[in-house]
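What the coordinates show
For reference, the chains in residue letters:
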Amino acid sequence: LHLTVQNIKMSATMLRTSAKPVATSSRRASVKCSAMMSQSARSAASLCSIAAAGLIAAAPAMAASVDFASIPKGPVESPLHLDFKVDGYKVQPAAEGLAAGTGHFHVLIDQGAAPEGEVLPFDSTHLHYGKGQTSGDIELAPGEHKLTLQFANALHESYGPQLAKTIVVKVK
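Residues numbered from 1 in each chain as written. Predicted model: local features only at pLDDT ≥ 70, side-chain atom pairs only at ≥ 80, totals over all residues. Heavy atoms only, no water.

Secondary structure summary: the protein chain contains 3 helices and 8 strands in total. For the protein chain, the sequential pattern of α-helices and β-strands runs α-α-α-β-β-β-β-β-β-β-β. Expressed as a percentage of the 172 residues in the protein chain, the buried residues total 30%. Sequence separation of at least 24 residues holds for 64% of the intrachain contacts in the protein chain that already meet a minimum separation of 6. Counting only carbon and sulfur atoms, one obtains 57% of the accessible surface of the protein chain, whose full area is about 10,200 Å². (Helix = DSSP H or I, 4+ residues; strand = E, 2+ residues; numbered from the N terminus. Buried < 20%, exposed > 50% of the residue type's maximum accessible area, 1.4 Å probe, protein only. Contact = heavy atoms within 4.5 Å. Areas by Shrake-Rupley, 256 points an atom, 1.4 Å probe, with all protein chains shown as cover.)

Let's shift gears to the sheet that holds strand 6 (residues 135-138). The sheet built from 3 strands is open, its strands ordered 1-2-6 with antiparallel pairing. In this open sheet, the two edge strands, each paired with only one partner strand, are strand 1 (65-68) and strand 6. When strand polarity is set aside, the average angle formed by the axes of neighbouring strands in this sheet is 25 degrees. Pairing of strand 1 with strand 2 (residues 80-87), which is carried by 4 bridges, proceeds in the antiparallel orientation. If you follow Phe68 over to strand 2, its bridge partner there is Phe84. (Pairing = 2+ DSSP bridges. Axes fitted to C-alpha atoms, helices over the stretch in contact; angles between N-to-C directions.)

The side-chain alternation of strand 6 yields one buried face, formed by Gly136 and Ile138, and one unburied face, formed by Ser135 and Asp137. With 4 bridges joining them, strand 2 and strand 6 adopt antiparallel strand pairing. Bridged to Asp83 within strand 6 is Ser135.

Per-residue confidence for the protein chain gives a mean pLDDT of 76; residues scoring 70 or more make up 64%. In this model residues 1-61 is a low-confidence stretch, pLDDT under 50, and it forms 39 contacts with partners more than four residues away in sequence or in other chains. (pLDDT = per-residue confidence, 0-100.)

Among the secondary structure elements, Ala113 is positioned in the loop between strand 4 (102-109) and strand 5 (126-129). Separated by 53 residues in the primary sequence, Ala113 and Thr166 place their C-alpha atoms 7.5 Å from one another. With near-sequence residues (within four places) excluded, Ala113 lies in contact with Thr148, Gln150, Pro161 and Ala164.

Moving on, we get to the packing of aromatic side chains. Each pair of aromatic rings is reported with the distance of its centres and the angle of its planes. Applying the stated criterion to the full structure yields 7 aromatic pairs. A centroid spacing of 5.2 Å and a plane angle of 50 degrees characterise the contact between Phe84 and Phe105, whose relative ring orientation is tilted. On the criterion of sequence distance, the pair formed by Phe84 in strand 2 and Phe105 in strand 4 is long-range, its members being 21 residues apart. Residues Phe84 and Phe105 agree in their burial class; the two are buried. Seen in terms of ring centroids, Phe84 and Tyr129 are 5.1 Å apart; in terms of plane orientation they differ by 65 degrees. Their pairing is edge-to-face. Placement of the pair is Phe84 in strand 2 and Tyr129 in strand 5, with a sequence separation of 45 residues. Across the pair, Tyr129 and Phe84 agree in class, each one buried. The structure contains a cluster of three or more aromatic residues connected by ring pairs, namely Phe68, Phe84, Tyr89, Phe105, Tyr129, Phe151 and Tyr159. (Phe/Tyr/Trp six-rings, centres within 6.5 Å; stacked < 30°, edge-to-face > 60°.)

What follows concerns unusual backbone geometry. Omega for the peptide link from Ser78 to Pro79 comes to 5 degrees, which places this bond in the cis form. As for its placement among the helices and strands, Pro79 is situated in the loop between strand 1 and strand 2. The backbone of Asp110 sits at a positive phi, close to 60 degrees, despite the residue not being glycine. For Asp110, the location among the structural elements is in the loop between strand 4 and strand 5. A positive phi is found at His156, a non-glycine position, where the angle reads about 65 degrees.

Following this line, the structure appears as structure tokens:
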């Protein structure tokens, strides 16, 4: 559900013009007042209440996602060059601090996506691209490897599986 300020203002206007005032202050009076309102006015009142309570958030124009810009086909050689991309978020160096809608890439080797909020460790299977890099060369031993591109915030806290992409590569 997407509400604009104009929708809320129109709903409030409909509510004001549709409700008839009741001269008493009892609970019964508020029930009478509610019964006298048109269905559209009651709907507008509900929407205004919900919006005022902050329970409605505008849906993003596009779902956020990460991906490898080009996925290698067939056996590959090491080091493997990979390009990364993100939609719906902005790549930002970790040193610039926390900011909504921003983060940086990590490549997890032989692992799946990290749960949302999990801090990604600094080790040989968690490669960090915290300077805002959008590509990397990865050294891999021969054999099959699972590579997970994971987006995380400036504190290296994972945005979870919804901002991760896993591929499998076979290294010669």
